[in-house]
Amino acid sequence: MVIDRAIADRYINSYKDFLGTLVSAKEKHGKRPQEWLAIGRARYADDRSTLARYRAAHPKADSEMLDAIAKLKLGRWVYLKDTRAYSVLVAEDGSAAYGVVGLTDRLRTVAQGATGSVLRAGLIPLQGRWVCDGLLEGMVWLGPNLRRELNQTYQNLRDEGRFSLGP
């Protein structure tokens, strides 16, 4: 339930390099990388033109990975469950569902086993799959009634063709 390690490493390095340019040294000080990377990701989400400026300033950067960053889907997702091949994320508004794999760890590991939760994360297209960027924020756990309703929403989305394993 993870992508190829070499591709994951390339993506992580490109993501960290880019997002790192959006956060000052003072903002990074005393924070774990996941914390300051989330700040950078939020800034990128607010101003997508920052990536074009980064590309212009870093012409030798990994263009394939920057293309994936450009397609980042940042949002709040319901982390519903895991299958053998992927984790199921449902858009908070119930409009779509995704079969997601991790970069280096399964989503369940990154989320510390917290299926049945709502979280903020980014999805990126890599190797024909949707991949979670691993920066999970604002996790809220759902009760059993909401989980049942969301499982039904997921089934409806599958039946309607609004479930995607990749871009």
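Residues numbered from 1 in each chain as written. Predicted model: local features only at pLDDT ≥ 70, side-chain atom pairs only at ≥ 80, totals over all residues. Heavy atoms only, no water.

### Structural notes on the confidence of the model for the protein
The predicted model of the protein averages 95 in pLDDT, with 100% of residues at 70 or higher. The weakest mean pLDDT in the protein belongs to helix α6 (residues 107-110) at 88; the strongest belongs to helix α4 (residues 49-57) at 98. (pLDDT = per-residue confidence, 0-100. Helix = DSSP H or I, 4+ residues; strand = E, 2+ residues; numbered from the N terminus.)

### Regarding the packing of aromatic side chains
Taken as a whole and assessed by the stated rule, the structure comprises 7 aromatic pairs. Considering the side-chain rings of Y86 and F163, the 5.6 Å spacing of their centres and the 45 degrees angle between planes classify their relative orientation as tilted. In this pair, Y86 sits in the loop between β1 (73-82) and β2 (87-91) while F163 sits in strand β7 (residues 163-164), placing the two residues 77 residues apart along the sequence. We classify Y86 as buried; its relative accessible area is 12%. Here F163 falls in the buried class, since its relative accessible area comes to 18%. For the pair Y154 and F163, a centre-to-centre distance of 5.6 Å together with 75 degrees between the ring planes defines the contact as edge-to-face. Judged by relative accessible area, Y154 falls into the buried class, the value being 3%. Counting every residue linked through ring pairs, the aromatic cluster contains F18, Y44 and Y54. The residue whose ring lies beneath K28 is W36, and the NZ or CZ to ring-centre distance is 4.6 Å. Above the face of the F163 ring, R158 is positioned so that its terminal group lies 4.6 Å from the ring centre. (Phe/Tyr/Trp six-rings, centres within 6.5 Å; stacked < 30°, edge-to-face > 60°. Buried < 20%, exposed > 50% of the residue type's maximum accessible area, 1.4 Å probe, protein only. Lys NZ or Arg CZ within 6 Å of the ring centre and 35° of its normal.)

### A look at the side chain of S87
Of note, S87 is situated in strand β2. The exposure class of S87 is buried, given its relative accessible area of 0%. Residue contacts for S87: discarding those within four places in its chain leaves M1, Y79, K81, D82, Y98, G99, V100 and L107. (Contact = heavy atoms within 4.5 Å.)

### A look at the pairing of β1
When β1 meets strand β4 (residues 117-126), the two strands line up antiparallel, connected through 7 bridges. Each bridged residue has a counterpart across the sheet, and for R76 the counterpart in β4 is R120. In this structure, β1 lies alongside β2, joined through 5 bridges in antiparallel fashion. In the sheet register, K81 faces β2, and the bridge partner there is V88. (Pairing = 2+ DSSP bridges.)

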